[in-house]
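# Coordinates in review
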Amino acid sequence: MPLDLDPATLGEEFDRAVYGPVTADELVAFARALGAPSCYTEPGPDLVAHPTFCVSYRGHKFFPDNLPPSLRSRMSFDAGKDVELGAPIRPGDTVTVVSTLHDVYEKTGRSGTMVFVVVRFTLTNQRGERVATVDNRLMYRGER
Amino acid sequence: MSVRFEDVVEGDDLPAQELFLARDQVRAYARATDMYFPRFTDDEGARREGLPGMIAPGNMSLGLLAGLVEAWAGPGALCRLGTTFRGLVLPDRTIRLRGTVTEKDEARRTIEVDVWLESDEGERLVLGTATARLD
């Protein structure tokens, strides 16, 4: 475990945020900005969210309070996202986002050692259905 | 018209998409996602953050690549998408979205594809893999 991180921290919920009710207007604005097809941009009973609308939810705080101080004080870069999709988001839905620290690991490349912090958002709707699991991969360069 | 599972062959290329990424489109995405920050909206603000100019949010690239897969596989077909952001995606330029089928899972009727977003010069700025379920 790099950075002397307490393993018990992994998987522990550090934030919970509730969004909604989702409006058709916000789904349409999101999809139009991506040039998405009409099933994501035409208001009506069949409207569902674009599959990546779920990544627009970020919770109240992005990092757990017990993230090692050596990381908290440094600037991170968005290194990537992994999204597993479940039930589509529809107008009127309420979406709960639970945040956990999923992984912390080091990699050494040509530019030196990098630390990756993976923050997982688990999204469910008001029926308890899993909407998406979003892993946010943040990269820290250089010395600890 | 979406592709059918039976018609897909490993090694197939997805129909490539080429688009001019306008500044206003990036701003519209930033506004729609409540990320109306200088780095995504104006050059001066972005330069103050050490960037060469305003950039497209990584999540926007993710969304465009999702669109590439669904334009081929059909709306609702996307099950999973993972991306790595390797380079800055700058507006006011032409970008290309491309993909290749890497695997077919007969039992699950799913397709694995490599996807990427490249600059007009062919530099791969965003790499990813996706899973789509086909009829």
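Rules of the game
Residues numbered from 1 in each chain as written. Chains lettered and ligands numbered in written order. Predicted model: local features only at pLDDT ≥ 70, side-chain atom pairs only at ≥ 80, totals over all residues. Helix = DSSP H or I, 4+ residues; strand = E, 2+ residues; numbered from the N terminus. Contact = placed C-beta atoms within 7 Å. Core = buried A, V, L, I, M, F, W, Y, C linked by C-beta atoms within 7 Å. Buried ≥ 20, exposed ≤ 12 C-beta atoms within 10 Å, placed from the backbone. Pairing = 2+ DSSP bridges. Nonpolar A, V, L, I, M, F, W, Y, C, P; charged D, E, K, R; others polar. Arc of directions from axis to C-beta. Axes fitted to C-alpha atoms, helices over the stretch in contact; angles between N-to-C directions. pLDDT = per-residue confidence, 0-100.

### A word on the overall build of chain A
In terms of regular secondary structure, chain A is built from two helices and five strands. Its helices and strands taken in sequence order, chain A reads β-α-α-β-β-β-β from the N to the C terminus. Each of the three principal axes of chain A carries a C-alpha extent, and together these read 50 × 30 × 20 Å. Taking contacts inside chain A between residues at least 6 apart in sequence as the whole, the part at least 24 apart equals 72%.

### Observations concerning the nonpolar core
If you look at the biggest cluster of nonpolar residues, it comprises 57 residues, and the most contacted ones within it are Cys54 and Leu123 of chain A together with Leu65, Val69, Leu78, Leu117 and Ala132 of chain B. Ranked by residue count, the leading element in this core is helix α4 (residues 58-73) of chain B, at nine residues. In contact with Cys54 of chain A, not counting residues within four places along its chain, are Val83, Ile89, Leu123, Val131, Ala132 and Val134 of chain A. In terms of nonpolar packing, the next biggest core, distinct from the first, is built from six residues, Val104, Val115, Val117 and Val119 of chain A among them.

### Focus: the pairing of strand β3 (residues 95-109) of chain A
Residues and elements named next belong to chain A. Bridging between strand β1 (residues 13-19) and β3 involves six bridges; their strand directions are antiparallel. Residue pairing across strands places Arg16 opposite Val98, the latter belonging to β3. Bridge count between β3 and strand β4 (residues 112-125): 14 bridges; the pairing is antiparallel. Bridge pairing links Gly109 to Gly112 in β4. Linkage of β3 to β4, two consecutive antiparallel strands, is achieved through a turn of two residues.

### Describing the interface of chain A and chain B
At the interface, 21 residues of chain A touch 22 residues of chain B. Sorting elements by how many residues they give to the side of chain A that touches chain B places strand β2 (residues 77-85) of chain A first, with eight residues. Considering only residue class, the side of chain A that touches chain B consists of 12 nonpolar, five polar and four charged. Two elements, β2 of chain A and strand β2 (residues 78-85) of chain B, share five bridges in a ladder whose sense is antiparallel. Counterpart to Lys81 of chain A in the pairing with β2 of chain B is Thr83 of chain B.

### Some remarks on helix α1 (residues 23-32) of chain B
Those residues of α1 of chain B not exposed but buried are Val26, Tyr29, Ala30 and Ala32 of chain B. One side of α1 of chain B carries all its buried residues, which in axial view fall inside an arc of 170°. Considering only its buried residues, α1 of chain B is in contact with α1 (24-33) of chain A together with β1 (17-21), α2 (38-41) and α4 of chain B. Phi for Asp34 of chain B, located one or two positions after α1 of chain B, is positive at around 60°.

### A closer look at the sheet that holds strand β3 (residues 93-105) of chain B
Strand order across the open sheet formed by 10 strands is β1(A)-β3(A)-β4(A)-β5(A)-β2(A)-β2(B)-β5(B)-β4(B)-β3(B)-β1(B), with antiparallel pairing between neighbours. The sheet is open, and its two borders are formed by β1 of chain A together with β1 of chain B, each paired with just one other strand. Neighbour to neighbour, the strand axes of the sheet diverge by 20° on average, direction disregarded.

### Overview of the environment of Gly87 of chain B
Residues and elements named next belong to chain B. Position of Gly87 relative to the elements: it lies in the loop between β2 and β3. For Gly87, a count of 14 C-beta atoms within 10 Å gives the class partly exposed. In the structure, Gly87 is positioned 37 residues away from Arg124 in sequence and 7.7 Å away in space, judged by C-alpha atoms. Not counting chain neighbours up to four residues away, the residues in contact with Gly87 comprise Glu123 and Leu125.

### With respect to the confidence of the model for chain B
Regions with low pLDDT should not have their predicted coordinates read in detail. Averaged over every residue, the pLDDT of chain B is 96; the share at 70 or more is 100%. Interface predicted TM-score (ipTM) for the complex: 0.95; the corresponding pTM is 0.94.

### Notes on α1 of chain A
Those residues of α1 of chain A that fall on the buried side of the exposure criterion are Leu27, Val28, Phe30, Ala31 and Ala33 of chain A. Check the buried side of α1 of chain A and you find it contacts α1 of chain B. Looking one or two residues past α1 of chain A, Gly35 of chain A carries a phi angle of roughly 65°, positive in sign.

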